[in-house]
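A closer look at the structure
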Amino acid sequence: MKLFLFYLSCFFGFIAGHMVNYSAIMYSLQTFDSSLLAGVAYSLCFGPPIVFGWLAGSYIDRYSAKKVLLVSQNSFILGVTGMMLVMLYEPDHSIFYFLLSSFFVGIAWSFVAPSRLAAVGQYVSRENMPQAMIVLNLLIMLGFGLAPVLLTQIQEQVGWPGVAMTCMALFTASSLLLLNAPNNHKRLTHQNLKQEWQECFAELKKIPVIPQLLFAAIVGYLMMGPMQVVLPQIADQQLGLENVEKGQYLGLIALSLIIGGVAAMKLRTVLPIGKSMLVMLLLCGVSLALLGSITSLWLSCLVLVIGTTLAGITVSFIVAALQTFTPEHIRGRVMSIYTIISQVISATAGMFAGALAQGISVPSGLYGIALLFVVLTILLAVKATHLKAFVRFPD
């Protein structure tokens, strides 16, 4: 039952969190009419972990994932409240207040995301960790995919303030579900931040597959930012979709990621994990470029489903492998590095793609990221010997 409540809390938190991210993008596009500003707002939602993520990792290992999670989730509520006030009253300097609110959302992601990942060890044994992490990652992807569908439906019915109030309710419910969660934590010996991270990096040198998995995560998360920033514009300008239809098109991401997560649970005992990840990453990059050039709705939907399904399988494998190979005493810090990658890389790629879309053309935002995606995947395939040797999760 405790594991179910944890999953339910995560599900509520992920849906609300990604609804806030999409709100930052779509409200900027609708109200401020700027692709670049949408990219900046998105980067503020996901960029702060590059600074605060290092602190989050150490705090989780020092004080426990549960404590860090419950405290930091309040920053989500603060950020959403600021967005709601801008949406309701449209004050002078609305852009500044909206971006400041996005920054508070980014601070929340810095601590909440690694806390949830690190907390899984409180609920399952090491042997069951890969399966539990794939399920958790499925919920993450489900939240990412369902968010635009729910957002467009709620926004159509009750407007942007209603979207913000829904997010606040979900964040509150998410926190309440964790009040009685287990908190068996062996406190890390308190040192300064630099020493704790030096010890972590020294440990990682002894387990080289972990850094290679983290580099694979860097490549994989290049896909997420452009899909959130540029794909709504592709749906609008290239495919000619209306607001609700746009939400349904983006909702295909949810279906695909669900398929990918379920497939990962089935394929983790069948495929050679490391080599399969490299092939799927390459195909994800190709699909991203194709989405920028296709004008047929059905073909665009097909490519979107294939590309995001492969991304779902790959990311599920990566996060499950990281949990499997990471020692308990540095789990918070490694999960924080993963969070920094998942959020900062997404934000940077989203801002870069948004700038290309604004300055050149909307499809060029996808082309630029796709080229980088393919080049880095080839580099990883050449250098990552330990990743290629990773065949199966341990029983």
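Overview of the structure. Model, not experiment: these values are computed from the prediction.

Helix and strand counts for the protein stand at 16 helices and zero strands. Relative to a compact globule of 395 residues, whose C-alpha radius of gyration would be 21 Å, the protein shows 20 Å and is just as compact. Based on the C-alpha atoms only, the size of the protein along its principal axes is roughly 50 × 40 × 40 Å. For the protein, the proportion of its 395 residues judged to be buried stands at 60%. Summarising the internal contacts of the protein: among those between residues at least 6 apart in sequence, 86% fall at separations of at least 24. Counting only carbon and sulfur atoms, one obtains 68% of the accessible surface of the protein, whose full area is about 15200 Å². Of the charged side chains in the protein, 20 are positive and 14 negative; the average position of the first set lies 17 Å away from that of the second.

Next up on the list: the side chain of Thr377. Along the polypeptide, Thr377 turns up in helix H15 (residues 362-383). Judged by its relative accessible area of 2%, Thr377 falls in the buried class. Leaving out residues up to four positions away in the same chain, Thr377 has contacts with Val219, Leu278, Leu281 and Leu282.

Our focus in this paragraph is unusual backbone geometry. Positive phi, close to 105°, is recorded for Ser64, a residue that is not glycine. Exposure remark for Ser64: the relative accessible area of 2% places this residue in the buried category.

Those residues of helix H3 (residues 49-63) lying buried are Pro49, Gly53, Ala56, Gly57, Ser58, Ile60, Asp61 and Arg62. At its buried positions, H3 is contacted by helix H2 (35-46), helix H4 (65-89), helix H5 (94-119), helix H7 (193-206) and helix H14 (331-359).

For side chains bearing opposite charge, pairing can occur when the charged atoms are close. The final tally for this structure, using the stated rule, is three salt bridges. Measuring nitrogen to oxygen at the nearest pair gives 2.7 Å for the salt bridge that ties Arg333 to Asp61. Here the residue Arg333 occupies a position in helix H14, and Asp61 occupies one in helix H3, the gap between them amounting to 272 residues. By relative accessible area, which is 1% here, Arg333 ends up buried. Here Arg331 ties to Glu328 by a salt bridge, and the two come within 2.5 Å at their closest N and O atoms.

Helix length check: helix H1 (residues 2-32) (31 residues) gives 44 Å between terminal C-alpha atoms against 45 Å at 1.5 Å per residue, within 8%. Positive phi appears at Asp33, one or two residues downstream of H1, with a value of about 55°.

The next point concerns a nonpolar patch on the surface. Taken together, Leu85, Leu88 and Tyr89 make up a surface patch of nonpolar side chains, about 330 Å² in accessible area. Residue classification places Leu85 among the partly exposed positions, given a relative accessible area of 41%.

Turning next to the packing of aromatic side chains. On inspection of all chains with the given rule, the structure shows 14 aromatic pairs. Seen from their ring centres, Phe6 and Tyr123 are 4.6 Å apart, and the 25° between their planes marks the pair as stacked. Linking Phe6 in helix H1 with Tyr123 in the loop between H5 and helix H6 (129-176), this pair joins segments that are 117 residues apart in sequence. Neither residue differs from the other here; Phe6 and Tyr123 are each classed as buried. Plain terms: the ring middles of Phe76 and Phe171 are 4.4 Å apart, the flat faces sit at 10° to each other, and that makes the pair stacked. Of the two residues, Phe76 sits in helix H4 while Phe171 sits in helix H6, which places them 95 residues apart along the sequence. Of the residues examined, Phe171 reaches a relative accessible area of 0% and is grouped as buried.

With that settled, the discussion passes to the nonpolar core. In terms of nonpolar packing, the biggest core is built from 139 residues, with Tyr249 and Tyr338 touching the most fellow members. Looking at this core element by element, the count peaks at 18 residues for H6.

Assignment of secondary structure puts Asn192 in the loop between H6 and H7. For Asn192, a relative accessible area of 42% gives the class partly exposed. Remark: the alpha-carbon pair of Asn192 and Asn128, spanning 64 residues in sequence, is separated by 33 Å.

Next up on the list: the packing of H6 against helix H11 (residues 243-267). When two helices pack together, their arrangement is given by the angle between the helix axes and the distance between those axes. Close contact between H6 and H11 brings their axes to 8 Å; oriented N to C, the two are set at 170°. By the angle class used here, H6 and H11 are roughly antiparallel. Taken together, the residues of the contact of H6 with H11 break down into 18 nonpolar, nine polar and one charged.

Rules used throughout
- Residues numbered from 1 in each chain as written.
- Predicted model: local features only at pLDDT ≥ 70, side-chain atom pairs only at ≥ 80, totals over all residues.
- Heavy atoms only, no water.
- Helix = DSSP H or I, 4+ residues; strand = E, 2+ residues; numbered from the N terminus.
- Rg over C-alpha atoms; globule rule 2.2 N^0.38 Å.
- Buried < 20%, exposed > 50% of the residue type's maximum accessible area, 1.4 Å probe, protein only.
- Contact = heavy atoms within 4.5 Å.
- Areas by Shrake-Rupley, 256 points an atom, 1.4 Å probe, with all protein chains shown as cover.
- Lys, Arg positive; Asp, Glu negative; His and termini not counted.
- Charge placed at Lys NZ, Arg CZ, Asp CG, Glu CD.
- Salt bridge = Lys/Arg side-chain N within 4 Å of Asp/Glu carboxyl O.
- Expected span 1.5 Å × (residues − 1).
- Patch = residues over 30% accessible without salt bridge, like charges linked within 9 Å, V, L, I, M, F, W, Y side chains within 5 Å.
- Phe/Tyr/Trp six-rings, centres within 6.5 Å; stacked < 30°, edge-to-face > 60°.
- Core = buried A, V, L, I, M, F, W, Y, C linked by side-chain atoms within 4.5 Å.
- Axes fitted to C-alpha atoms, helices over the stretch in contact; angles between N-to-C directions.
- Parallel < 35°, antiparallel > 145°, perpendicular 65-115°, else oblique.
- Nonpolar A, V, L, I, M, F, W, Y, C, P; charged D, E, K, R; others polar.

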